[in-house]
Amino acid sequence: MDKHVYELLNDQINKELYSAYLYMSFADYYEDEGLSGFANWYMIQAAEERDHALIFRKYLLDNGCSVKLKAIDQPDKTFSTYLEPLEAALEHEQYVTALINDIYGAAHDVKDYRTMKFLDWFIEEQLEEETNAEDMITKMKLFGTDAKALYDLDKEYQARAYSVPTPLAGE
Ligand SMILES: [Fe+2]
Ligand SMILES: [Fe+2]
């Protein structure tokens, strides 16, 4: 595998694990605020991000590449409104989309069609991630100031359940 493509794929393991860490910190914030549904949503989000890291790990190992695990940054954001983590999540997902696009571009440059095909799942996943993040912001802006509506929204997020992402299914 091309060295630059390898390094980007290996770094993405770290970025996805950081995403898991970041979303866990969001869950901690909402748990402290008594919004256990939002906390549940972000703990499942954290599990999905961990899974994303595992998908990149598996791809490298399947291709005979060694994995180099690096230190994970500390999430250091503090929040003063319920909306702030949701906006930080959208910003973060847009950043991750840019990272995935960069890897795709690097793979394209060296005609690494296998890696491009592998990344297709992530390109679609990032659209879903950004859509979800935008939807949560919209709902919080619409309903966040009404106690009963916020209660219902929290219940809605409480219902989110974990499912194994397709690339890891059957592992
Ligand atoms: Fe991810
Ligand atoms: Fe994500």
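Before reading further, recall that the structure is shown in the block above.
So, a few notes on the structure that sits alongside this text. (Residues numbered from 1 in each chain as written. Chains lettered and ligands numbered in written order. Predicted model: local features only at pLDDT ≥ 70, side-chain atom pairs only at ≥ 80, totals over all residues. Heavy atoms only, no water.)

Some remarks on the coordination of the iron ion (ligand 1)
Surrounding the iron ion (ligand 1) are the protein donor atoms Glu 16 (OE), Glu 49 (OE) and His 52 (ND1), which sit 2.1 Å from the metal. Along the chain, the residues that donate to the iron ion (ligand 1) are spaced as E-x32-E-x2-H. The two metals, the iron ion (ligand 1) and the iron ion (ligand 2), are separated by 3.3 Å and share Glu 49 as a common coordinating residue. Taken together, the residues Glu 49 and His 52, both in helix α2 (residues 36–62) and three residues apart, mark about one turn of the helix. Judged by relative accessible area, which is 1%, Glu 49 ranks as buried. A residue is classified by how much of its surface remains accessible, and His 52, at 1% relative accessible area, is buried. (Donors = N, O, S within 2.8 Å, 3.2 Å for Na, K, Ca; no water. Helix = DSSP H or I, 4+ residues; strand = E, 2+ residues; numbered from the N terminus. Buried < 20%, exposed > 50% of the residue type's maximum accessible area, 1.4 Å probe, protein only.)

So, a negative patch on the surface
A grouping of Asp 28, Glu 31, Asp 32 and Glu 33 is seen on the molecular surface, where their side chains present a negatively charged patch. Note that Glu 31 resides in helix α1 (residues 3–32). Residue class for Glu 31 comes out partly exposed when judged on its relative accessible area of 47%. (Patch = residues over 30% accessible without salt bridge, like charges linked within 9 Å, V, L, I, M, F, W, Y side chains within 5 Å. Areas by Shrake-Rupley, 256 points an atom, 1.4 Å probe, with all protein chains shown as cover. Salt bridge = Lys/Arg side-chain N within 4 Å of Asp/Glu carboxyl O. Lys, Arg positive; Asp, Glu negative; His and termini not counted. Charge placed at Lys NZ, Arg CZ, Asp CG, Glu CD.)

Observations concerning a nonpolar patch on the surface
A contiguous nonpolar surface patch, about 340 Å² in accessible area, is contributed by Tyr 21, Met 24, Met 43 and Ile 72. Turning to its location among the elements, Ile 72 is positioned in the loop between α2 and α3 (83–109). The exposure class assigned to Ile 72 is partly exposed, which follows from its relative accessible area of 36%.

Brief notes about the coordination of the iron ion (ligand 2)
Within the protein, the atoms that donate to the iron ion (ligand 2) are Glu 49 (OE), Glu 93 (OE), Glu 93 (OE) and Glu 129 (OE), at distances of 1.9 to 2.6 Å. Its four donor atoms give the iron ion (ligand 2) angles of 52 to 148 degrees at the centre, a pattern that matches the irregular case. Mapping the donors of the iron ion (ligand 2) onto the primary sequence gives the spacing E-x43-E-x35-E. (Tetrahedral: all angles 85-135°; square planar, octahedral: opposite > 155°, others 65-115°.)

Looking at α2
Over its 27 residues, α2 runs 38 Å from end to end, which matches the ideal 39 Å to within 8%, given 1.5 Å per residue. Along α2, 19 of the 27 residues are buried, which leaves the element largely enclosed by surrounding structure. Of the residues flanking the end of α2, it is Gly 64, one or two places downstream, whose phi is positive at about 75 degrees. (Expected span 1.5 Å × (residues − 1).)

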